[in-house]
Structure formats: structure tokens, C-alpha cells
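# Examining the three-dimensional arrangement
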Amino acid sequence: NSLDAYNDSQKNGYKEIDDFCVEINIDKATRTIRIKDNGYGIENKADFDKDMLSFGDSRKEDKSQFIGFRGIGRISAVPFCEKLTFINKAIGQNHRNICIWKGETFKELINNDYKDTKSFEDVIKKIVVISDEESNDENHYFEVVIENYSKEVEEVIENKNFEINLRKLLPLKYDASFTKSEEIIKRYNDFMNERFQKYMCCIKLNGEELTKRYTDKEHILASDLIFVEIRDKSTIDGVEGDKAGIMWFTFNQLMTAKRNDKDYGIMVRSKNVLMGSNDTFADLCEDSSEHVASYSQLAATLRGVYGELLINSINLKDNARRDWFKMDEYSLGLKYQIIDFMKRLYKYRYAAS
């Protein structure tokens, strides 16, 4: 949402922010998570109130160009914390808007067996408080504070792969040690006729910037980089489908794998946000009626392969779980392009091995 808001501000005439960044700070002692960006904030109180209280609604007009689009993600922390607070300090304003969702009250309401039926509006009135306060701070920002997070959240944070998973999931920049990123970005920009950079964000975790984990030393293999231009399903009259993205990958001929490799496979990324997992290409083949190979063979095919499928298509819409796209003719068309690719990759690597 921070990146969406920042990109939208550019369309509305605001200047580019050289050091635009989203900071995630986790205080395990107080069980508090703060997520703050230095964007321009929400311009006025009416829009702030609407954005904070609406469900399944959004002011984003062309939703296909935004990462967030359902209008519900911002409150996903409510069941997992004592208090969820949104703080908005818009540029040029001498006050800040505050919206508090009372997680504890929410849990009491849904856990108790009330005999009388509460309306949705009544529930919201009980658990949400919106206010304004004066602020002499010249900075502009939007901040989310999750206080006293639950055991479920603690389990996620304490997982030894937490930072690795964040680096996979988020729309990050490539690391400076991955010089091939310049070629990837150029190939994407030239084919898609848009800047991939607008989907790359500076994100810091407890003060340290997160980047994608690819490096020249570890993730450029014998094949060097191979690029495939991706289009949506062609029309009946044979006209080429719309441009949907590019795929880049690199591999060794032999089907061997490094131990504890967290980066293997071709990551499907919609607007640079992860869809699915390292094994998504194998999963798509497994879910198809068309037999390619056994699942273990397909999974092995992806070991010793690194890459990304970078998708941005108005015809492909992320599904609710964000592990693939909503099932329609366009997502099926992409699925069978991937299955055809996996057939060839499996046969080649099996023969080479």
C-alpha cells in the first residue's frame, strides 16, 4: 500500500522522493511492530476516514496497476494484536489523523455468545476510534503500529527463515552484488514499455535495507541469463496477445542441488510481489491433466535453476491467496506456457544428467 500510494502521488503531480523508503521495526520486548513510510500521506481527513473504514473498496481507479486492490489487507492484523493504529501526516498539514482498531475488543465481540445480533456498523463503532491531533512535525509520513502482537505473529517472527521469507515476498530492489539486474531491468523495460523500477521499493527491517538475495557468484550459472518474453493468450484471429512480462532464468545442465538452498526455482512475481513458492512451476504441472513427469522429478528439475517470472498484465488478476492468478482463459494460457517450458527444461536437464 505504501508503494501504491507513492506511485499514485507521482501521477498527481507530487515530486519524486529520492530516499522514499518503508521502514519495518520490530520490538520483541514490547511486542510491537511499526511500519512507516516517508510518502506524502493521505491528503485530507475525508479520504483518510474513508480509507480506514471501508471494506473491499478502494480509491485506486486502475486497480490493475496497483499491488493492493481488495481494500481489506490493512486490517489483517486486528485479530492478532491488542491495538492496531494508523497515523497519517500529510504534506503541508499541521495535524495528523489517527485511526485505532481495538483488537482486544474485537476478539471479545466475536468470542462471546451474544443473544442479540449486532449490526456490522455497531461492531465497528465499538472497536474503531478516529481522531486528529496537532503536530508541529514538518515531515510527512504514514505509519502503522501493531501493539502487543499475538503468539501467532510471534511464531512467524521467530522462525529462522523469517527474513529470508520477507526478502522473497516483498517488492524489493536487487542487491548491488547482482550486476545482472541491470540487464533484467532493461529487458523488462524495453519489452513492457514501462519502468520496472516503480515496483522496486527500499524496505528496511530494523534499520537494515532488505534486497533480493540473488548474487552474481551464487546465482549466475553455466547457461548465463536466458530471457523469454511472455504474452497473454492470443486472440482467435491469430493476433498476438498483450505483453504480460518477461522470464529470466539461469541453470546448470546437471540436476544437482545445493543443500539448504532457499532461492532455487523460478519465482512467479506479480508486480514484483511473490506468488506461490519456489516450487510453483512444479505445482502448476502437478495440477494439470497433462502429465509431464512425477512431482519429485519436476521438483528436482527446479533445483539448480534460478530465475523470476515478472508479470504485469491487465488481464491477469491475483487470486485471493496470492499464490496464482484468478482462473480464467488468461491464467490458463500462462499456465500452459509454463507447462510447455517445464517439459523442455525437464527433458534437457534429465538428458544432460
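Each remark here, short or long, concerns the structure printed above.
In this report, the structure presented in the accompanying data block is examined.

What counts and how
Residues numbered from 1 in each chain as written. Predicted model: local features only at pLDDT ≥ 70, side-chain atom pairs only at ≥ 80, totals over all residues. Heavy atoms only, no water. Helix = DSSP H or I, 4+ residues; strand = E, 2+ residues; numbered from the N terminus. Rg over C-alpha atoms; globule rule 2.2 N^0.38 Å. Buried < 20%, exposed > 50% of the residue type's maximum accessible area, 1.4 Å probe, protein only. Contact = heavy atoms within 4.5 Å. Areas by Shrake-Rupley, 256 points an atom, 1.4 Å probe, with all protein chains shown as cover. Lys, Arg positive; Asp, Glu negative; His and termini not counted. Charge placed at Lys NZ, Arg CZ, Asp CG, Glu CD. Phe/Tyr/Trp six-rings, centres within 6.5 Å; stacked < 30°, edge-to-face > 60°. Core = buried A, V, L, I, M, F, W, Y, C linked by side-chain atoms within 4.5 Å. Pairing = 2+ DSSP bridges. Axes fitted to C-alpha atoms, helices over the stretch in contact; angles between N-to-C directions. Parallel < 35°, antiparallel > 145°, perpendicular 65-115°, else oblique. Nonpolar A, V, L, I, M, F, W, Y, C, P; charged D, E, K, R; others polar. Arc of directions from axis to C-beta.

Now for the overall build of the protein. Scanning the protein for helices and strands turns up eleven helices and 13 strands. Here the protein has a C-alpha radius of gyration of 22 Å; the compact-globule value for 353 residues is 20 Å, and the two agree. In terms of overall dimensions, the protein has C-alpha extents of about 65 × 50 × 50 Å along its principal axes. Counting all 353 residues of the protein, 47% fall into the buried class. Counting only contacts in the protein whose residues sit at least 6 apart along the sequence, the fraction spanning at least 24 positions is 71%. Element-wise, carbon and sulfur atoms account for 48% of the exposed surface of the protein, whose accessible area totals about 18800 Å². The average position of the 54 basic charges and that of the 62 acidic charges among the side chains of the protein differ by 3 Å.

The next subject is the packing of aromatic side chains. Taken as a whole, this structure holds 14 aromatic pairs when the rule is applied. Residues Tyr-188 and Phe-196 carry aromatic rings whose centres are separated by 4.8 Å and whose planes lie at 55 degrees to one another, so their mutual orientation is tilted. By relative accessible area, which is 1% here, Tyr-188 ends up buried. Between the aromatic rings of Phe-281 and Phe-341, the centroid separation amounts to 6.0 Å while the plane-to-plane angle is 85 degrees, which identifies the pairing as edge-to-face.

With 50 residues, the main nonpolar core has Tyr-174, Trp-248, Phe-281, Leu-309, Leu-334 and Met-342 as its most contacted residues. Ranked by residue count, the leading element in this core is helix H11 (residues 329-352), at seven residues. Counting 40 residues, the second largest nonpolar core, distinct from the first, contains Ala-77, Phe-86, Val-153 and Cys-201.

Across the sheet, which stays open at both edges, the eight strands sit in the order E5-E4-E3-E6-E2-E1-E7-E8 with mixed pairing between neighbours. Because the sheet does not close on itself, it has two edges, and the strands there are strand E5 (128-134) and strand E8 (208-210). Averaged over neighbouring strand pairs, the angle between their axes works out to 20 degrees when direction is ignored. Across six bridges, strand E3 (residues 83-89) lies against strand E4 (residues 95-102) in antiparallel orientation. Considered in E4, the bridge of Leu-84 is made with Trp-101.

So, about unusual backbone geometry. Look at Asp-224: it is not a glycine, yet its phi comes out positive at around 60 degrees. Checked against the element boundaries, Asp-224 lands in the loop between helix H8 (216-219) and strand E9 (226-231). Positive phi is not limited to glycine here, since Asn-260 has a value of about 55 degrees. Tracing the sequence through the fold places Asn-260 in the loop between strand E10 (243-251) and strand E11 (265-270).

Turning our attention to the pairing of strand E13 (residues 305-311). The buried count for E13 comes to seven of seven residues, which makes it a mostly enclosed element. The alternating pattern of E13 places Val-305, Gly-307, Leu-309 and Ile-311 and Tyr-306, Glu-308 and Leu-310 on opposite faces, both of which are buried. For E10 and E13, the ladder comprises seven bridges, and the chain directions are antiparallel. When the bridges of E13 are listed, Met-247 appears paired with Leu-309. As paired elements, E11 and E13 share six bridges and run parallel to each other. Within E13, the residue paired with Gly-265 across the bridge is Tyr-306.

What follows is about the packing of helix H10 (residues 295-302) against H11. The relative placement of two packed helices is expressed as an angle between their axes plus a distance between the axes. Between H10 and H11, the least distance of the axes is 10 Å, while the angle of their chain directions is 80 degrees. In terms of orientation, H10 lies roughly perpendicular with respect to H11. Here Gln-297, Leu-298, Ala-300, Thr-301 and Leu-302 of H10 lie close against H11, whose contacting residues are Met-342, Leu-345, Tyr-346 and Arg-349. Looking at side-chain class alone, the contact of H10 with H11 contains six nonpolar, two polar and one charged residues.

This paragraph deals with the sheet that holds E10. Across the sheet, five strands lie side by side as E9-E10-E13-E11-E12; this open sheet has mixed pairing. Edge positions in the sheet fall to E9 and strand E12 (273-275), since each has one partner strand and no second. Strand-to-strand, the axes of this sheet are offset by a mean angle of 25 degrees, without reference to chain direction. Here H11 sits on the sheet and contacts E9, E10, E11 and E13; the angle it forms with E13, its principal contact strand, is near 165 degrees.

Attention now goes to H10. For H10, the full list of buried residues reads Leu-298, Ala-299, Thr-301 and Leu-302. Buried residues of H10, seen end-on, are gathered within an arc of 155 degrees and therefore sit on one face of the element. Remark: Gly-304 follows H10 within two positions and exhibits a positive phi of approximately 80 degrees.

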